[in-house]
2 protein chains.
Amino acid sequence: MASGQSLVPTILLLLCIVSTAVAHSIIQVVSGDGKIRIDDNLYCESWRLSIETNDFGNWSTVPERCKSFVQDYMTGDRYPSDLEFVALDSLTFAKTVELTGDGKDVWVFDIDETLLSNMPYYATIGFGTETYNETSWDDWVALGEAPALAASLKLYKELQQLGFTIVLLTGRDEYQRNVTVKNLLAAGYTDWETLFLRATEDEGKKAIVYKSEKRAELVSEGYRIHGNSGDQWSDLLGYPVANRDKACMPNHVAILCYQVVYFNPSRVG
Amino acid sequence: MASGQSLVPTILLLLCIVSTAVAHSIIQVVSGDGKIRIDDNLYCESWRLSIETNDFGNWSTVPERCKSFVQDYMTGDRYPSDLEFVALDSLTFAKTVELTGDGKDVWVFDIDETLLSNMPYYATIGFGTETYNETSWDDWVALGEAPALAASLKLYKELQQLGFTIVLLTGRDEYQRNVTVKNLLAAGYTDWETLFLRATEDEGKKAIVYKSEKRAELVSEGYRIHGNSGDQWSDLLGYPVANRDKACMPNHVAILCYQVVYFNPSRVG
């Protein structure tokens, strides 16, 4: 991988300590600065898993040493493969839901990095290795040119065909409604029931609080949330949880939990 | 990787459809049976992520096509690297906890694939691709020869040095207590406060129910559960949750959530 190639110039010595498969130390590299560290690619694979499983906790930016790794992940085959896999997970579950036909059976979607990809933007800020810049982000959103994530667009239409009512819940601000709607339509998303954006009173709220409040509103209005798809834990945790959660995983509603490393860190949590 | 090499004989044609980085289809392979499918390694990477994030839902056995992938993962550098990474995540969090010194500050550990590795056993059942066999599992446990997971043993001792009280919570049965204690001591684990095993009345309970009940017992006895380390979601979900959860992730207590693909599927959930 490119991340491995970029390491080459700094590698002075490669030590591979082998003992048992279980207890052996991971490959370590003595870099140009003389410090022993594990191979970048191995480190970044583990870092990504730690992020995916939410073990890592809060984080600010993608480690500089993982820039090539994240770029390779996003622009290569793994990202679309991962997206297709979780979309299939979601559809498989969705087909088990008995819909009432009253239009109250809901599937909630986040927008950024769930329905739309902002990779063109993230590519300009080092794939998450550079500090978030709200101005440049808002400028990108204002363009309304974020492409659809193919697997998500397919899932979106399949859920509609099954009879689910689609609700969009995003951390974008209310003033961005028009361009967001324009972008969604241009990307192929149509016929959603509601689009929640952050109103003035929601500014400053943590995503998990804001999104939980909106899901609570839906439930109070008689909607039944069967699925909840997002790329960040803040999209999936909190209250109320989706039905799938109550059915098979108390305290967890991840159905379409994408990887988040390319997300602007300051927008996490 | 071996999984990729093992594919070669069956590959008749490799189609790589390239469009945009976001929307392109993943690499597809026309196998010997003429069916189009994605590359095994790509499929297994996505399958693993889907398992790790609990998006996949319930599953029985590791897909046959992922046997080599799982074997490579377990016997290569990635597994120990992942274990070291989440152990560091856990220690980093643990150091932020203010201990009272009354011995009631607890860190809960699962045993199998968390403190001890049963890879020698899983290697005999196709790394999870073969159906679970309770008899062969019990025979393996009876040997008391499961080695320690190096990163977990290090974390275990570091947590003790910080002053945490260690509680072990396993799905093993009460009649396996003696051999389990013998195995743990031989692997280097010492001085835990309590070891919970399934009593007769716990048989048949789902892991998430049984483990939640035991955590509730601890809390009722005045213990404060700060951390909860396990390799399966059933180790981490349910009630009550660890303090870290309340601090940063409502409804989720994954601190040390290992990958589970090599686990005997019938022991999941």
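Residues numbered from 1 in each chain as written. Chains lettered and ligands numbered in written order. Predicted model: local features only at pLDDT ≥ 70, side-chain atom pairs only at ≥ 80, totals over all residues. Heavy atoms only, no water.

An unreviewed UniProt entry lists chain A under the name Acid phosphatase, from Carpinus fangiana. Database annotation for chain A, UniProt heading Sequence similarities (unreviewed entry): "Belongs to the APS1/VSP family." Comment text from UniProt for chain A, heading Function (unreviewed entry), reads "May function as somatic storage protein during early seedling development." (UniProt positions renumbered as here; feature names shortened; annotations may be inferred.)

K.L.:
Break down the overall build of chain A for me, citing the residues and quoting the values.
P.N.:
For chain A, the count of helices and strands is 11 helices and 8 strands. Counting across all 269 residues of chain A, residues that qualify as buried make up 58%. Pairs at least 24 residues apart make up 69% of the contacts formed inside chain A by residues separated by at least 6 positions. On chain A, roughly 10600 Å² of surface is accessible, and the fraction owed to carbon and sulfur atoms is 55%. (Helix = DSSP H or I, 4+ residues; strand = E, 2+ residues; numbered from the N terminus. Buried < 20%, exposed > 50% of the residue type's maximum accessible area, 1.4 Å probe, protein only. Contact = heavy atoms within 4.5 Å. Areas by Shrake-Rupley, 256 points an atom, 1.4 Å probe, with all protein chains shown as cover.)

K.L.:
For the state of the cysteines, give the residues involved together with the corresponding values.
P.N.:
Residues and elements named next belong to chain A. Considering all chains together, one arrives at 2 disulfides over all chains under this definition. Here Cys 44 pairs with Cys 66 through a disulfide, and the sulfurs are 2.1 Å apart. Around the S-S axis, the bridge from Cys 44 to Cys 66 shows a dihedral of about -95° and counts as left-handed. Here the residue Cys 44 occupies a position in helix 2 (residues 40–52), and Cys 66 occupies one in the loop between helix 2 and helix 3 (67–75), the gap between them amounting to 22 residues. Cys 66 matches Cys 44 in its accessibility class, with the two residues each being buried. (Disulfide = S-S within 2.5 Å.)

K.L.:
Give a detailed account of the pattern of salt bridges, specifying residues and quantitative values.
P.N.:
Tallied over the full model, the rule gives 26 salt bridges over all chains. Among the salt bridges present, the one from Asp 105 of chain A reaches Arg 224 of chain A, with a minimum N-O distance of 2.9 Å. Taken together, the positions of Asp 105 of chain A in strand 4 (residues 105–109) and Arg 224 of chain A in strand 7 (residues 224–230) put the pair 119 residues apart, joining distant regions of the chain. The exposure class of Arg 224 of chain A is partly exposed, given its relative accessible area of 27%. For Lys 214 of chain A, the salt bridge identified is with Glu 217 of chain A, shortest N-O distance 3.0 Å. With Lys 214 of chain A and Glu 217 of chain A both in helix 9 (residues 207–220) and 3 residues apart, the pair spans about one turn of that helix. Since its relative accessible area comes to 29%, Glu 217 of chain A is described here as partly exposed. In the salt-bridge network here, residues are joined through shared partners; they are Glu 45 and Arg 78 of chain A together with Glu 45 and Arg 78 of chain B. (Salt bridge = Lys/Arg side-chain N within 4 Å of Asp/Glu carboxyl O.)

K.L.:
Now, about helix 3 (residues 67–75) of chain B: what can you tell me, with residues and values included?
P.N.:
Residues of helix 3 of chain B that are buried include every one of Phe 69, Val 70, Tyr 73 and Met 74 of chain B, and no others. Viewed end-on, helix 3 of chain B has its buried residues packed into an arc of 125°, placing them on one side of the element. (Arc of directions from axis to C-beta.)

K.L.:
Go over the packing of aromatic side chains with me, naming the residues and quoting the values.
P.N.:
All names here are of chain B. Evaluation of the coordinates by the stated rule reveals 18 aromatic pairs over all chains. Centre to centre, the rings of Tyr 73 and Tyr 79 are 5.5 Å apart; their planes meet at 55°, and the pair counts as tilted. Accessibility assignment for this pair places Tyr 73 and Tyr 79 in one class, buried. On the basis of an interplanar angle of 70° and a centroid distance of 5.3 Å, the ring pair of Tyr 121 and Trp 137 is categorised as edge-to-face. Taken together, the residues Tyr 121 in helix 5 (residues 119–122) and Trp 137 in helix 6 (residues 134–143) connect sequence positions 16 residues apart. (Phe/Tyr/Trp six-rings, centres within 6.5 Å; stacked < 30°, edge-to-face > 60°.)

K.L.:
Describe in detail the pairing of strand 6 (residues 194–198) of chain B, supporting the description with residues and values.
P.N.:
Residue and element names in this part refer to chain B. The buried fraction of strand 6 amounts to 4 of the 5 residues, a majority that puts the element mostly inside the structure. One ladder, built from 4 bridges, connects strand 5 (residues 165–173) with strand 6; its direction is parallel. Along strand 6, the bridge assignment pairs Leu 168 with Leu 195. In terms of handedness, the path from strand 5 via helix 8 (residues 177–187) over to strand 6 forms a crossover that is right-handed. (Pairing = 2+ DSSP bridges. Right-handed = clockwise from strand over helix to strand, strands pointing away.)

K.L.:
Can you lay out the packing of helix 4 (residues 78–94) of chain A against helix 2 (residues 40–52) of chain B for me, pointing to particular residues and giving the numbers?
P.N.:
Remark: helix 4 of chain A packs on helix 2 of chain B, axes separated minimally by 9 Å, with the N-to-C direction vectors making an angle of 55°. Classified by the interaxial angle, the pair formed by helix 4 of chain A and helix 2 of chain B is oblique. Helix 2 of chain B is crossed by helix 4 of chain A, and the crossing has right-handed handedness. Where helix 4 of chain A abuts helix 2 of chain B, its residues Arg 78, Ser 81, Asp 82, Phe 85 and Asp 89 of chain A lie against Leu 42, Tyr 43, Glu 45, Ser 46, Trp 47, Leu 49 and Ser 50 of chain B. Taken together, the residues of the contact of helix 4 of chain A with helix 2 of chain B sort by class into 5 nonpolar, 3 polar and 4 charged. (Axes fitted to C-alpha atoms, helices over the stretch in contact; angles between N-to-C directions. Parallel < 35°, antiparallel > 145°, perpendicular 65-115°, else oblique. Left-handed = near helix turned anticlockwise from the far one by under 90°. Nonpolar A, V, L, I, M, F, W, Y, C, P; charged D, E, K, R; others polar.)

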